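Each chain is listed here by its residues.
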Amino acid sequence: MMEESPRSGMSSPEAKLGMQVEDLWDILEPQLTPTEKLNTCFESIPVSSFPPAPSSQVIEINSDASLAEAVQLMSQNKVLSAPVVDVDAPEDASWIDRYIGIVEFGGIVVWILHQSEKKDGDDGSELFNGESEAMIGSAVAAAVKGVSSPRKFGCLSPRSAAITSGKFFESLTSSDFYKNTKVRDISGSFRWAPFLALQKSNSFLTMLLLLSKYRMKSVPVVDLGERKIDNIITQSAVIHMLEECAGLHWFESWGNKKLSDLDLPLMKPNRIIKVYEDEPVLQAFKLMRQKGVGGVPVVERDGRKAVGNISVRDIQFLLIAPEIYKNHRSITAKNFLTAVRSYLEEQKGASPLLNGMVTCRRADTVKEVIVKLDSKKIHRIYVVDGEGNLEGVVTLRDIISKLVHEPRGYFGDFFDGVLPLPENSRV
């Protein structure tokens, strides 16, 4: 009986892309290491070959849109970030002049944190009442200025719990201040400035390196002729592509390695960034910004076991549904998780917050972890020991970073004039 080809039944666009890699893999010199072979394969494939993102995920936000509108748009389309179009740019502007950056939930977190610290100890009910235009302008300017040093936010003071009451967020989201603050007003929080994108002729390897070593959550691909974005490739889309490549020789040779064989997780247990369940939820978002991470585990006060996870995108639930916290004097991390889960169940909405804790072990293979990350639509998975104690975290970026490496001098002057995130960021 003939052995069935691993290509049998592989018909998805992602699988077909994996087969392109397979064809290149089979003809490369045998003396090359597996990583060198993958680098060569991915350098030979243009990003234009990557399957297009769903139309709902290729959204743009006008620079004159309010923060409230931006939050709603990103939340409805289930995206973490979106390119910002300069409404004042001329119609014939090049793509680099048409876009002013990428707005994301992380930048909005910075803005929220600044507002929360303006009246530390106040319940927030008077914070936004009667704000003059001059005061609003000053506050926005201060928020943007604070973004240049985003990791200077301290821990919440003993009086700060009141700021995380439902009243604070109801006051914030109903205020003219929130409704009138424009996306362009927080441009200092944009991840890359000016706008950074790939052209359709750039290589797959370039894209993978930007999504891993250079910490981009998503990479816009522009059409030079149309002067607009043609596709947006996310870390999650790459992980889904890898999951679809199961069975192909190049993937199996890499994917069947254990996490420990690839020195994952990168962070040691005593360095895990976490928030305790009885701490104010804003402390979780402060830690994410201070430490440059995209999520933190919520752990029991007297142990090392995690009871949940809060991601930077979850800030949306403080802004789109503040009424769900009205019965909480203080929105602790535990209260936040409980309230949001109840809200999502009532709304019949899909969210990683409904998955509970998704974990793995050091002995699990990369392939097994990829399947979990893709099926649960999550951006990180927690590594635990036999007793369920936290040992580390593995992110999408960690996985992609183990697939390829950057050749010496690869990018040349690619980043000239572009301001990336700090070196120690692990977002």
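Calculation notes
- Residues numbered from 1 in each chain as written.
- Predicted model: local features only at pLDDT ≥ 70, side-chain atom pairs only at ≥ 80, totals over all residues.
- Heavy atoms only, no water.
- Helix = DSSP H or I, 4+ residues; strand = E, 2+ residues; numbered from the N terminus.
- Buried < 20%, exposed > 50% of the residue type's maximum accessible area, 1.4 Å probe, protein only.
- Contact = heavy atoms within 4.5 Å.
- Pairing = 2+ DSSP bridges.
- Lys, Arg positive; Asp, Glu negative; His and termini not counted.
- Salt bridge = Lys/Arg side-chain N within 4 Å of Asp/Glu carboxyl O.
- Polar contact = N/O pair within 3.5 Å; in protein donor to acceptor, adjacent residues only side chain to side chain.

### Thoughts on the overall build of the protein chain
Helix and strand counts for the protein chain stand at 16 helices and 12 strands. When each of the 427 residues of the protein chain is scored for burial, the buried share is 52%. Taking contacts inside the protein chain between residues at least 6 apart in sequence as the whole, the part at least 24 apart equals 69%.

### Quick notes on the pairing of strand S2 (residues 81-85)
Taken across its 5 residues, S2 has 5 buried, putting it largely inside the fold. Summarising the sheet, strand S1 (residues 61-62) and S2 pair through 2 bridges and their orientation is parallel. Each bridged residue has a counterpart across the sheet, and for Ile61 the counterpart in S2 is Val84. Sheet analysis places S2 next to strand S3 (residues 99-104), joined by 5 bridges and oriented antiparallel. Its bridge partner being in S3, Val85 is matched across the sheet by Tyr99.

### Side note on the side chain of Glu277
In this structure, Glu277 sits in the loop between strand S7 (275-276) and helix H12 (281-291). It turns out Glu277 is buried and unbridged, and the closest side chain with the opposite charge, Lys334, is 4.3 Å from it. In this structure Glu277 touches Val298, Val299, Glu300, Arg301, Val307, Thr332, Ala333 and Lys334, once residues within four positions along its chain are discounted.

### Comments concerning the side chain of Asn309
Assignment of secondary structure puts Asn309 in strand S9 (residues 306-311). For Asn309, the side chain forms a polar contact with the side chain of Ser311, separated by 3.1 Å. There is a polar contact of 2.5 Å between the side chain of Asn309 and the side chain of Tyr382. Ignoring any residue separated from it by four or fewer positions in sequence, one finds Asn309 in contact with Gly295, Val296, Pro297, Val298, Asp314, Leu337, Leu353, Met357, Arg380 and Tyr382.

### Structural notes on the pattern of salt bridges
Opposite charge on two side chains lets them pair, provided their charged atoms get close. Taken as a whole and judged by the stated rule, the model has 7 salt bridges. Close ionic contact of Glu60 with Arg98 constitutes a salt bridge, the shortest N to O distance being 3.6 Å. Remark: Arg98 occurs in helix H4 (residues 95-98) and Glu60 occurs in the loop between helix H2 (34-43) and S1; sequence separation between them is 38 residues. Overall, Glu60 belongs to the partly exposed group, its relative accessible area being 31%. Assessed through its relative accessible area of 27%, Arg98 is described here as partly exposed. The partner of Arg301 in a salt bridge is Asp278, with the nearest N and O atoms 2.9 Å apart. Taken together, the residues Arg301 in the loop between strand S8 (295-299) and S9 and Asp278 in the loop between S7 and H12 connect sequence positions 23 residues apart. Accessibility expressed as a relative area gives 43% for Asp278, which makes it partly exposed.

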